[in-house]
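The chain contents come next:
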Amino acid sequence: MMQKIKALSVHLFTATGAVFAMLAMLAAVDEKWDLMFLWLVVAFIVDGIDGPLARKYDVKQFAPQYDGMVLDMIIDYITYIFIPAYALFKSGLLPDWIGWICILVITYTSAMYMVDTRMKTKDNSFSGFPATWNMLVLVIFATEPNFWIILFLVIACAITMFTPLKFIHPVRTERWRFLSLPIALIWTATATYAAWSNFDQSAIVTVPLTITSIYLLGAGIVQELIPQKSKA
């Protein structure tokens, strides 16, 4: 009985992501971008924790009446894609026509990517950009690049979703995890501070946020270029 309660509790914990998504959306409608991203960071943390908990308490065996994968995917689409796309569109960082291109490209291509059965690699990484638009858009808000750069990033990431380029999962990708996990934690802490400070563009925010983002985006591709030594 206790195992079933623990497994069910994991599903209930995952479902809190939907609540944080709603809070983020309400903040976005009021254009309170700092509050919106704070709620998205909370949802991001929940998403990072619930997977290990689901495996630890074996939810597929002890709480099979709920499909944790579907629940996770629904919340991920809202928090990783839908709300960040809306925020980018309404941010004022883009001319209207570029805003329309970006929001349509992000939502449409990401919907297809989320149901692509080839999205996971054998080492628990992602094949193609994993539609983590929440992370990219937060960095855009913090650094405010030229709108042409934003358009390039959106189109490049969207195209990359349908390529075999590898992107790491900082928790589940075992290779370089000793480095990837701390960097992901630094990114999360810096992103939280960026949102909390209403996207103050000081170097204390932009430099670590940019460096950690480059690592998280590029580590998987570098791993593909550097053969892994076979274990004896």
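Residues numbered from 1 in each chain as written. Predicted model: local features only at pLDDT ≥ 70, side-chain atom pairs only at ≥ 80, totals over all residues. Heavy atoms only, no water.

Outline the overall build of the protein chain, supporting the account with residue identities and numerical values.
A count of helices and strands for the protein chain gives nine helices and two strands. The order of α-helices and β-strands along the protein chain, N terminus first, is α-α-α-α-α-β-α-α-β-α-α. In terms of overall dimensions, the protein chain is globule-like: its C-alpha atoms have a radius of gyration of 18 Å, near the 17 Å expected for 232 residues. Its C-alpha atoms give the protein chain principal-axis dimensions of about 55 × 45 × 35 Å. Residue burial in the protein chain is summarised as follows: out of 232 residues, 44% are buried. The long-range share in the protein chain, meaning contacts at least 24 apart out of those at least 6 apart in sequence, stands at 79%. (Helix = DSSP H or I, 4+ residues; strand = E, 2+ residues; numbered from the N terminus. Rg over C-alpha atoms; globule rule 2.2 N^0.38 Å. Buried < 20%, exposed > 50% of the residue type's maximum accessible area, 1.4 Å probe, protein only. Contact = heavy atoms within 4.5 Å.)

Could you give an account of the nonpolar core, with specific residues and numbers?
Nonpolar side chains in soluble globular proteins tend to end up buried together. Formed by 59 residues in total, the largest nonpolar core has its most connected members in Met36, Phe37, Leu88, Trp133 and Phe199. At nine residues, the largest contribution of residues to this core is made by helix 6 (residues 133-143). Apart from the residues lying within four places of it in its own chain, the contact partners of leucine 88 are Leu94, Cys102, Ile106, Val137, Ile140, Phe141, Ile150 and Val154. Counting residues in hydrophobic clusters, the runner-up holds five residues, among them Ala7, Tyr57, Val59 and Ala63. (Core = buried A, V, L, I, M, F, W, Y, C linked by side-chain atoms within 4.5 Å.)

Describe the environment of lysine 90, with residues and values.
The residue lysine 90 is located in helix 4 (residues 68-90) in this model. Classification of lysine 90 by relative accessible area gives partly exposed; the value is 35%. It is 7.8 Å that separates the C-alpha atoms of lysine 90 and glutamate 31, two residues lying 59 residues apart in sequence.

Pulling in residues and values, what's your account of a nonpolar patch on the surface?
On the surface, a cluster of nonpolar side chains totalling about 500 Å² of accessible area is made up of Trp97, Ile101, Trp148, Ile155 and Ile159. Those elements giving two or more residues to the nonpolar patch turn out to be helix 5 (96-114) and helix 7 (147-160). Per-element accounting of the nonpolar patch gives the leading share, three residues, to helix 7. Mapped onto the secondary structure, isoleucine 155 falls in helix 7. (Patch = residues over 30% accessible without salt bridge, like charges linked within 9 Å, V, L, I, M, F, W, Y side chains within 5 Å. Areas by Shrake-Rupley, 256 points an atom, 1.4 Å probe, with all protein chains shown as cover. Salt bridge = Lys/Arg side-chain N within 4 Å of Asp/Glu carboxyl O.)

Can you lay out the pattern of salt bridges for me, pointing to particular residues and giving the numbers?
According to the stated counting rule, one finds three salt bridges in the structure shown. A salt bridge links aspartate 123 to lysine 166, with the nearest nitrogen and oxygen atoms 2.8 Å apart. Here lysine 166 lies in strand 2 (residues 166-167) and aspartate 123 lies in the loop between helix 5 and strand 1 (126-127), a separation of 43 residues in the sequence. By relative accessible area, which is 28% here, aspartate 123 ends up partly exposed. Assessed through its relative accessible area of 5%, lysine 166 is described here as buried. Of the charged contacts, one joins lysine 166 and glutamate 224 as a salt bridge, the two residues approaching to 4.0 Å between their closest N and O atoms. Residue lysine 166 is located in strand 2, and its partner glutamate 224 is located in helix 9 (residues 203-225); the two are separated by 58 residues in the primary sequence.

Describe the packing of aromatic side chains, and please don't skip the residues or the numbers.
Enumeration according to the criterion identifies twelve aromatic pairs in this entry. Consider the rings of phenylalanine 37 and phenylalanine 141, whose centres lie 5.1 Å apart with planes at 65°: the pair is edge-to-face. With phenylalanine 37 in helix 2 (residues 33-56) and phenylalanine 141 in helix 6, this residue pair connects regions lying 104 residues apart in the sequence. What makes phenylalanine 141 buried here is its relative accessible area of 6%. Ring geometry for phenylalanine 89 and tryptophan 100: centres 4.9 Å apart, planes at 70°, overall edge-to-face. Of the two residues, phenylalanine 89 is situated in helix 4 and tryptophan 100 in helix 5; the sequence distance between them amounts to eleven residues. Put simply, the rings of Trp33, Phe37, Phe141 and Phe199 touch in pairs and so form one group of aromatic residues. (Phe/Tyr/Trp six-rings, centres within 6.5 Å; stacked < 30°, edge-to-face > 60°.)

On their own, these measurements won't tell you what the molecule is for.
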